[in-house]
Every structure is written in C-alpha cells, then in structure tokens.
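Tertiary structure, described
Here's the letter readout for the chains.
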Amino acid sequence: MAETAQSRHTRFSDFYPFYLGEHQHPTCRLLHFIGTSLAVVLLAAAVLSRNPWFVLIGLVQGYAFAWIGHFAFEKNRPASFRQPLYSFLADWRMWFELLTGRLPFNPGRSGSRFPQG
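Here goes a summary of the coordinates provided. None of these values were measured; they are calculated from a predicted model. (Residues numbered from 1 in each chain as written. Predicted model: local features only at pLDDT ≥ 70, side-chain atom pairs only at ≥ 80, totals over all residues. Heavy atoms only, no water.)

1. Overview of the overall build of the protein
Applied cut-off: Helix and strand assignments follow DSSP, with helices taken as H or I runs no shorter than four residues and strands as E runs no shorter than two, numbered in order from the N terminus. Any residue under 20% of the maximum accessible area for its type is buried, any over 50% is exposed, and the rest in between are partly exposed; the area is computed with a 1.4 Å probe on protein chains only. Whether two residues touch is decided by their heavy atoms; if any such pair falls within 4.5 Å, the residues are in contact. Surface accessibility in these figures is a Shrake-Rupley result with a 1.4 Å probe; residues are shielded only by whichever protein chains are displayed.
The number of helices and strands found in the protein is 4 helices and 0 strands. Within the protein, buried positions represent 39% of all 117 residues. Partitioning the intrachain contacts of the protein with sequence separation of at least 6 by distance along the chain shows that 64% fall at a separation of at least 24. When the accessible area of the protein is evaluated, it comes to approximately 7,000 Å², of which 67% is carbon and sulfur surface.

Rendered as structure tokens:
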C-alpha cells in the first residue's frame, strides 16, 4: 500500500511493511542499528548511574543516526515525521530482527547479515 501525505496506517501490522520499504538502503539500516544499539547502552547507563540525561542523549543520538541514514542514503523523509509512535516501535522491531538475523542488513542480498558495497 502506497502512503500519501494524507493517508495514515491505522494498524502497526500494516505500517511495518511500509516502514521496511522506507529502509531499503543497507547503510540506512546499519545507521539505524548503530543508533538504536547506542540508545540501549545509554539507557543502561541512565539506569545504572541514575542520570536521566543519558535517556535524552540516547534519544537525540538515535534519531541523529537514523535521520542521517534517510537524508544521505535513503533519500527519503523519515517516517517518524508522519507517524512517530509506529516509527519508534518499528525501529525497535527492525533493530531486534537485524540483531537476530531475521532481517538482512542488505535487503538486496538474502541471507546477508552485514552491508556490502
């Protein structure tokens, strides 16, 4: 289903395939993975140090990595501008699927865990 500026996905199960379609460039996926992984580390640092600033830093750097991936490599507008909650949830799902190998970093190469070229 193509998304227009006016349409919105009403269910996450409909949104996630659209989200993956917006993340086809291997470097974009890798940058999302790095940003989300750093966010996990910073969230752990926030809990262990009881310093809430780490949460804010984690959010800012996570979105920075993702947006660089979209603007510089994917050449599209991040889905978080249109559907922030679903995009946030989809990013975590994509991160987990990349981490566990269920989703390849390079969609053009089935079974490829890491970007190539």
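Now that the structure is up, let's keep going.
2. Notes on helix α3 (residues 53–74)
Selection rule: Expected span of a helix: the number of residues minus one, times 1.5 Å.
Taking 1.5 Å as the rise per residue, α3 with 22 residues should run 32 Å; its terminal C-alpha atoms sit 30 Å apart, in good agreement. Taken together, the buried positions of α3 are occupied by G58, Q61, G62, A66, G69, H70 and E74.

3. Description of the pattern of salt bridges
What counts, and what does not: Salt bridges, as used here, are contacts in which a Lys or Arg side-chain nitrogen is within 4 Å of a carboxyl oxygen on Asp or Glu.
Per the counting criterion, the structure on display carries 3 salt bridges. With its nearest N and O atoms 3.1 Å apart, the salt bridge here joins R11 to D14. In this structure, E22 engages R82 in a salt bridge whose closest nitrogen and oxygen atoms are separated by 3.9 Å. Here E22, found in the loop between α1 (12–21) and α2 (26–49), pairs with R82, found in the loop between α3 and α4 (84–100); they are 60 residues apart in sequence, far enough to count as distant. The exposure classification of E22 matches that of R82, with both residues buried.

4. Some words on the nonpolar core
Basically, it comes down to this: For our purposes a nonpolar core is just a set of buried Ala, Val, Leu, Ile, Met, Phe, Trp, Tyr and Cys residues, chained together by side-chain atoms within 4.5 Å.
Judged by nonpolar contacts, the single largest core of 14 residues is most densely connected at F15, Y16, Y19, M94, L98 and L103. Once you skip the residues sitting within four places of it in the chain, Y16 turns out to touch A90, R93, M94, E97 and L103.

5. Focus on the environment of Y86
Checked against the element boundaries, Y86 lands in helix α4. The class of Y86 is buried, set by a relative accessible area of 18%. Along the chain, Y86 and T10 lie 76 residues apart, while their C-alpha atoms are 9.5 Å from each other. Dropping the residues within four chain positions of it, Y86 is found in contact with H9, T10, R11, F12 and F15.

6. Thoughts on the environment of W67
In this fold, W67 is placed in helix α3. Residue classification places W67 among the partly exposed positions, given a relative accessible area of 30%. Between the alpha carbons of W67 and A79 there is a distance of 9.9 Å; along the sequence they are 12 residues apart.

7. Remarks on α1
When α1 is considered as a whole, its buried residues turn out to be F15, Y16, F18, Y19 and L20. Close packing links the buried residues of α1 with α2 and α4.

8. Some points on unusual backbone geometry
The phi angle at R50 is positive, at roughly 55°, despite the residue not being glycine. Its location among the elements puts R50 in the loop between α2 and α3.

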